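Below are the chains, spelled out letter by letter.
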Amino acid sequence: SLVKVRGDNGHHVVESAFKAFSRALRNLIDGTDTNNYTSEEFEKMWGETSVSYTAGLELCREGKLERSTKETSILVHVLMNGLLKGSDSVQVETGIKTMDDFVAIMAKEAKMSVVAKCNGDLYVDDHHTSEDVSIALGQVLNTAFGTKAGLNRMWCATGTYGDAEVEVTMDLSN
């Protein structure tokens, strides 16, 4: 028998696992090697010249948020435009170099224009700034995704930066 070990949303774990399995099975049946991001099949299905990618750009997904708290003042603006304006359309100024680098690399890899500016209480520590920027970025991405129509809702990827290797698994279903 099955025993629920998580909170009230335990069914999401099962649902997410089933969807991931279904996606993997579909890729296997289609012969798509999801570990080879330079293959012709991958480029045709998901690449910058694919119908999926160009249709996504036409939706002009966008989100913007300005907010102030006792600790921070933040402006975050995301435009999922394929970085049409080039690398100048990524401007990140949080006062925390690691955060700036992370958000800028994420934006460039995702090919989206991002402006993220924050004035925070760094004289105390970087906690409020990093927390508030992350929350604002998540809210703005959620706004930009909208109904999520046309998005590849589940994916995983690995990447390296210097000596670090990162693996990200994403599920935008819920």
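See above for the structure.
Structural notes, computed from the coordinates. Given the structure is predicted, the values throughout are model-derived calculations rather than measurements.

Rules behind the numbers
Throughout this description, residue numbers start from 1 for each chain and increase along the sequence as written. Whole-chain, interface and lining totals are the exception, using all residues; otherwise, since this is a predicted model, local features are given only for residues with pLDDT of at least 70 and side-chain atom pairs are given and counted only at 80 or more. To obtain the side-chain values, all non-hydrogen atoms of the structure were included, while hydrogens and water were left out. Only protein atoms enter the 1 Å grid used here, on which a cavity is any set of points holding a 1.4 Å probe that cannot leave and a pocket is any open set flanked by protein within 12 Å on both sides along at least five of seven lines; residues with an atom within 4 Å of a point are listed as lining. Grid points are joined across faces, edges and corners, and a volume is the space filled by probe spheres set on the points. Put simply, DSSP H or I for four residues or longer makes a helix, DSSP E for two residues or longer makes a strand, and each gets a number counted from the N terminus. In what follows, salt bridge is the name for a side-chain nitrogen of Lys or Arg lying within 4 Å of a carboxyl oxygen of Asp or Glu. Per-residue accessibility, obtained with a 1.4 Å probe over protein chains only, is compared with the maximum for each type, and a residue is labelled buried under 20%, exposed over 50%, and partly exposed between these values. Each helix should span, by expectation, one fewer than its residue count multiplied by 1.5 Å. Throughout, a contact is declared for two residues whenever any of their heavy atoms are within 4.5 Å. Here a patch means residues that are over 30% exposed by relative accessible area and free of salt bridges, tied together within 9 Å if like-charged and within 5 Å if nonpolar (Val, Leu, Ile, Met, Phe, Trp, Tyr). Areas reported as accessible are Shrake-Rupley estimates using a 1.4 Å probe. Residue values count occlusion only from the protein chains shown. Only C-alpha atoms enter the line fits that serve as axes; for helices the fit covers just the stretch in contact. Angles between N-to-C directions range over 0 to 180 degrees. Orientation is classified from the angle alone, with under 35 degrees giving roughly parallel, over 145 giving roughly antiparallel, 65 to 115 giving roughly perpendicular, and any other angle giving oblique. A crossing counts as left-handed when the near helix is turned anticlockwise from the far one by less than a right angle, and as right-handed when that turn is clockwise.

### Details of the layout of surface pockets
Here the largest pocket defines a volume of roughly 1,900 Å³. In terms of lining, the largest pocket is formed by 40 residues, of which the most central are Met-106, Glu-109, Ala-110, Ala-157 and Met-170. Elements represented by at least two residues in the lining of the largest pocket include exactly helix 2 (40-46), helix 3 (51-58), helix 4 (97-110), helix 5 (127-145), strand 5 (154-161) and strand 6 (164-171).

### Examining the pattern of salt bridges
Using the criterion set out here, one finds two salt bridges in the structure. Of the charged contacts in the structure, one is a salt bridge between Asp-132 and Arg-67, with a shortest N-O distance of 3.4 Å. In this pair, Asp-132 is assigned in helix 5 and Arg-67 in strand 1 (residues 62-68), connecting sequence segments 65 residues apart. Judged by its relative accessible area of 6%, Asp-132 falls in the buried class.

### Considering helix 5
Owing to its 3.6 residues per turn, the α-helix brings residues three or four apart onto one side. With 19 residues, helix 5 extends 27 Å between its outermost C-alpha atoms, agreeing within 8% with the 27 Å of an ideal straight helix rising 1.5 Å per residue. For helix 5, every residue scored as buried is listed here: Thr-129, Asp-132, Val-133, Ala-136, Leu-137, Val-140, Leu-141, Ala-144 and Phe-145. Its buried side turned inward, helix 5 meets strand 1, strand 2 (72-79), helix 4 and strand 4 (113-120). Remark: Gly-146 follows helix 5 within two positions and exhibits a positive phi of approximately 60°.

### Quick look at a nonpolar patch on the surface
A surface patch of nonpolar side chains, about 460 Å² in accessible area, is lined by Phe-21, Leu-25, Leu-28 and Ile-29. Inspection of the secondary structure puts Phe-21 in helix 1 (residues 10-30). On the basis of relative accessibility, which here comes to 53%, the residue Phe-21 falls in the exposed class.

### Overview of the packing of helix 4 against helix 5
As a packed pair, helix 4 and helix 5 sit with axes 11 Å apart at the nearest point and diverge in direction by 15°. When the interaxial angle is binned, helix 4 and helix 5 end up roughly parallel. For the pair helix 4 and helix 5, the crossing hand works out as right-handed. The residues of helix 5 that touch helix 4, namely those facing Met-99, Val-103 and Met-106, are Ser-130, Val-133, Ser-134 and Leu-137.

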